[in-house]
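Topology and contacts: notes
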Amino acid sequence: MASSAIAGALLNATFDERGLASLVLLATASVLNVEGDAFALSLNGTSTILSSSLPVPTRTFDAHGQPTYRYSAAGDLTVHVAYSVTDAFVSKQLTVSSARHAHNVTNVTLFAGARLLLDGAAPAESVVARSPAGLRDFALFARWSTTGALITARNPFLTATPHGGGGVTLSYEPMMPVAPAAPFSADRAHIGLHLLTQRKMAPPAQPLDEAEHAAMQRCVRAAIAAPQRASSVKINVGWCENDFQIDISTAAGRAEYKRIIDRAASLGIESILFAPRNSDVSSIGNGTDAWGWEQVLWFGMGERLRMGLWAPGDPLPASLTEMLDYFRLRGVRPVAYVYPILAFLAGTLPGGASPPWVVHGTYSSSDLATKRLGLGPMRSDLASPALQQWLPKTMRRFADQTGAGGFSFDYTYFEQGSPGGRPWRSQYAQWSGWRAILAALQQPKACAGRQCVVDNRQANHAWGPWMWAEGGTYAEPLQSDEQPGSWMFYEADLKTDRLSANRQRETAWSYRVQSFAPAEVVPGFALHQTDRDVSPAQKNVTAGPGCPRGGGTGRCAELSRRRDFDLLGYRYSLLSAVGTGGANLVLNMLPARDEGEFAAFPAEDVAFFRQWLEWADRSRDLVASTRVLPSTSRPAAGSLDGVSLLRQDGSCTGAIFAFSPTATPLNLSLALDASLGCSPPHPSSGVPGLLLLRQIGSSDRSEPAGGWARQLLRAGDALALTVPPTTALALELEPFDGASLVAPLVLGAAAGAAAPAPAPAPAPA
C-alpha cells in the first residue's frame with residue numbers, strides 16, 4: 001500500500017499501510033520515524049487483540065486527506081483508527097464496533113511499543129509527567145539533544161512507559177462496554193515534535209523543559225470544547241454570601257436577594273450562582289444528600305424534580321418567578337446549583353421502577369460512619385448512557401424556561417458501586433461519562449440562547465486538564481471548599497481576602513504548571529467565602545420566620561455574617577484573580593446583604609472593581625498568554641510571586657503582575673529576554689526598542705488611580721523593582737517613542753503630576 005503525506009503548519013506527517021510512519025519538524029527538517037505504530041485491545045479481561053497480528057487494514061481518506069484504517073478482528077469486531085494532522089500534532093483515535101456480542105473493553109493500548117527514532121537515533125532520555133492529584137500519567141516526553149517528542153491521550157488515567165531503543169507504550173483501562181448498538185470510542189491520542197529550550201521548569205514543578213510544558217499546554221488548549229468567549233467570565237457565588245440563609249418565599253428574603261443582584265450589576269458581574277432557600281417548594285426534611293443542601297438545588301426545584309413532582313416546563317412558584325424577572329431586569333443571569341448523582345426519578349416509573357441510571361450509591365451520612373461500600377442510598381450512575389442523555393437535555397430545558405446562565409456542579413462522587421459490579425462502573429467510566437454530560441452543555445447557545453457557564457466543584461481539581469478543557473468553563477476555584485477553615489494559609493494576615501488571594505494564586509500555579517492548564521480554563525477566585533458558623537455575638541439572636549430554633553443555630557442563622565465585606569483586603573484579592581486567572585473571574589462575598597454595608601460601599605471602590613473587570617475584557621489576548629514569571633516559583637511564605645501577560649510576538653509588550661504576600665518588602669529582578677518571550681529588535685530595523693514600564697494598578701489605596709511611569713527599558717535589560725509588604729502591583733510594558741511626547745515624561749511620578757523643579761545651576765567657579 002502506498003504511503004501518503006499530510007502537511008501541518010509546524011510539521012508534516014507520512015502514513016504507511018498500517019498507520020503513522022514519520023513526522024517532520026519543519027523548523028529543522030528533523031525526521032521522527034515511528035516504527036510499528038500499533039494498538040492493542042483487551043476484552044473481558046481475558047483476550048488481547050494486537051493490530052500488528054491482524055491482516056493489513058483497508059484505508060480510506062476524508063476530503064482533507066486524513067486517513068482512516070479499518071481492521072477486522074475476533075470475528076465480530078471492527079476497529080477503525082482515524083488520524084488527523086493539526087498544526088503541531090498528529091491525533092489518533094480508535095473506535096471499536098461489535099456486530100453480534102457485548103464485550104467489556106478492559107484495556108486499550110494506543111501506542112503498543114512503537115519505536116521513536118529521530119534522524120535514526122533513539123531518545124537520550126524519556127520523562128513521564130504524572131498527575132499531582134494521585135491519578136496516573138498525563139504524558140510522556142522523549143528527548144534528544146535539541147528536539148523533543150510529546151505522546152499523550154485525553155485522560156488522566158494513562159500508563160505511559162518508555163522502553164529501551166526508543167520504544168513507547170501508552171495505555172489505559174476503560175472498563176467500558178462495546179455492544180452491537182453501542183460502539184466504544186477510545187480517547188484521542190496525540191504525538192508531536194518541538195524544539196527544546198534547555199530551560200527547566202523551576203522546582204517544585206516537574207523537571208520538564210519549558211518547551212515540553214508549552215507543547216502539552218498547547219495540546220490541551222486545542223481540545224477546549226466551549227466556543228471562545230469575547231469577554232471574561234464574571235460570576236458571583238451566592239453561597240459565599242451565605243445566600244442559603246435567605247428564604248425567597250418571603251418578601252423580606254426577596255428584597256435582600258435583590259440587593260445582591262443590584263450589587264453584582266453595579267460592579268459589572270454578569271452571573272450569580274443562585275441558591276437561596278424557598279419554603280414554597282422545598283424543605284431540608286426532603287433532602288437525600290449527606291450535606292443537607294438539596295433544598296437549594298435547581299433554584300429550589302431540585303427536590304421536586306428528583307421526586308418526579310415537577311419537570312422543566314411545568315409552572316414555577318410566584319416567588320421564584322419574581323426573582324427570575326428581577327435577574328432579567330438587571331441584566332444578570334442566575335446559575336443553578338446541581339448535584340448530578342442524586343437518584344433522579346427513582347421509583348417514579350410504572351410499578352415503582354426506576355430509570356436505568358439509579359444504583360445503590362457509596363456516599364451518605366450513615367456510610368461515612370460505618371464505612372460500608374455499595375450499600376448506601378440510591379444514587380445516579382454517571383457512566384449510564386441513559387443518564388448522559390437525560391441530564392443534559394433536562395438542564396437545557398430548565399435553562400430555556402428559567403433563563404439560567406449555566407450550572408454549578410457539586411457532590412459529584414463517582415458512584416462506581418461495589419467490587420464485581422457492572423463492568424462500566426470503573427472510575428474512568430464514571431469520569432468519562434461525566435465529561436460527556438458536561439460536553440453536552442458546551443454548545444454555543446445551550447443556556448437560554450447563550451453560552452453556558454459550567455462551574456465544577458468537589459473533586460474537579462483532581463480530574464485533570466482534559467476534563468477542564470472538554471467538560472467545563474474553568475477548574476475548581478480553590479481545589480477545596482471555599483470556607484477559610486477548609487484550606488491552610490502559608491502567610492499570616494489580618495485580612496481574609498489577602499489570605500484567600502494567596503491560596504488562589506497557589507491554586508492557579510498548580511493548575512498552570514503541574515497540570516498543564518491553559519489560561520482559558522484557569523479560575524481567578526476573588527474576595528472570600530464568609531464563615532458559615534455564627535459569630536459569638538450572633539449566637540443569642542432570637543428565633544424568627546423560617547428559623548424556629550433561633551438565629552444562632554448553625555446554618556439557620558439568618559443574620560449570620562451578612563456584613564462581612566473585606567474593604568481593606570479586596571483590592572489585593574481582585575488584582576490577584578485578574579492577574580493569574582483573568583479569563584474566569586469567580587467573585588465572592590459582596591457588600592450587599594446588609595443594608596448599611598450596601599449603602600456605604602464607596603463609589604471609588606465600585607469604580608476600581610469595574611476598572612479591573614473591564615481590563616480583563618479588553619486584554620483577552622494578554623490573559624490567554626499568562627505565564628508564571630521565570631524568576632519565581634510556587635507562591636509561598638516569604639516569597640515574591642507573579643505572572644507575565646505578554647504578547648506572543650516577541651515585542652515584550654503587555655502586562656506583569658507581582659505579589660508580595662509577606663510583611664516585608666520583596667525585590668523583583670526580571671530579565672527581559674527569551675525566557676520571558678522577549679526578542680530585541682534587529683539593529684538594522686531602525687526600531688529603537690525602548691519600552692516604558694508603567695504601574696497601572698496597586699492594592700495600596702494611597703497609590704494614584706491613574707498609575708505612573710516607572711522605568712525606560714530595552715529588551716535584554718533587567719527590570720528591577722521592590723514590591724511593598726502585602727501588596728499586589730499591576731505593571732504595563734508598552735513601546736516608547738519619545739517623538740510622540742506632548743509633555744515631559746516624568747519617571748517615578750503619578751500620572752498628571754508636575755515635573756520636579758530643576759536643580760539650581762552650579763555657582764560660577
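The structure we're discussing is the one just above.
With that settled, consider the pairing of strand E16 (residues 167–172). Within E16, 6 of the 6 residues are buried, which leaves it mostly tucked inside the rest of the structure. The two faces of E16 match: Gly167, Thr169 and Ser171 on one face and Val168, Leu170 and Tyr172 on the other face are all buried. Note: strand E11 (residues 103–118) against E16, 6 bridges, orientation antiparallel. Its bridge partner being in E16, Thr109 is matched across the sheet by Ser171. In terms of strand pairing, strand E15 (residues 159–163) meets E16 through 5 bridges, oriented antiparallel. By the bridge assignment for E16, Pro162 is matched with Val168.

Contact geometry for helix H6 (residues 385–402) and helix H7 (residues 427–439): axes closest at 9 Å, N-to-C directions at 30°. Here H7 runs roughly parallel to H6, going by the angle between their axes. Crossing of H6 over H7 shows right-handed handedness. Here H6 contributes Leu387, Gln388, Leu391, Pro392 and Met395 to the contact with H7, which in turn contributes Gly433, Trp434, Ala436 and Ile437. Residues belonging to the contact of H6 with H7 are distributed by class as follows: 7 nonpolar, 2 polar and no charged.

Now for the sheet that holds strand E36 (residues 727–735). What the 6 strands build is an open sheet, ordered E29-E30-E31-E36-E33-E34; its pairing is antiparallel. Every interior strand has two partners, whereas the edge strands, strand E29 (627–628) and strand E34 (708–714), have only one. Sheet analysis places strand E30 (residues 641–646) next to strand E31 (residues 654–660), joined by 6 bridges and oriented antiparallel. The residue of E31 that forms the bridge with Leu646 is Gly654. In the packing of helix H10 (residues 570–581) onto the sheet, the strands contacted are E30, E31, strand E33 (690–698) and E36, and the crossing angle to E31 comes to about 135°.

Two cysteines joined by a covalent bond between their sulfur atoms form a disulfide. Following the criterion strictly, the structure yields 2 disulfides and no others. Put simply, Cys447 and Cys452 are joined by a disulfide, and their sulfur atoms are 2.0 Å apart. Judged by the sign of its S-S torsion, about 100°, the bond between Cys447 and Cys452 is right-handed. Take Cys447: its relative accessible area is 0%, and that puts it in the buried class. Note on cysteine connectivity: Cys652 is disulfide-linked to Cys678, with sulfurs 2.0 Å apart. On the sign convention where negative means left-handed, the S-S torsion of about 55° between Cys652 and Cys678 marks this disulfide as right-handed. Linking Cys652 in the loop between E30 and E31 with Cys678 in the loop between strand E32 (666–671) and E33, this pair joins segments that are 26 residues apart in sequence.

What counts, and at which threshold
Residues numbered from 1 in each chain as written. Predicted model: local features only at pLDDT ≥ 70, side-chain atom pairs only at ≥ 80, totals over all residues. Heavy atoms only, no water. Buried < 20%, exposed > 50% of the residue type's maximum accessible area, 1.4 Å probe, protein only. Helix = DSSP H or I, 4+ residues; strand = E, 2+ residues; numbered from the N terminus. Pairing = 2+ DSSP bridges. Axes fitted to C-alpha atoms, helices over the stretch in contact; angles between N-to-C directions. Parallel < 35°, antiparallel > 145°, perpendicular 65-115°, else oblique. Left-handed = near helix turned anticlockwise from the far one by under 90°. Contact = heavy atoms within 4.5 Å. Nonpolar A, V, L, I, M, F, W, Y, C, P; charged D, E, K, R; others polar. Disulfide = S-S within 2.5 Å.

As far as function goes, none of this settles anything; it's purely spatial.
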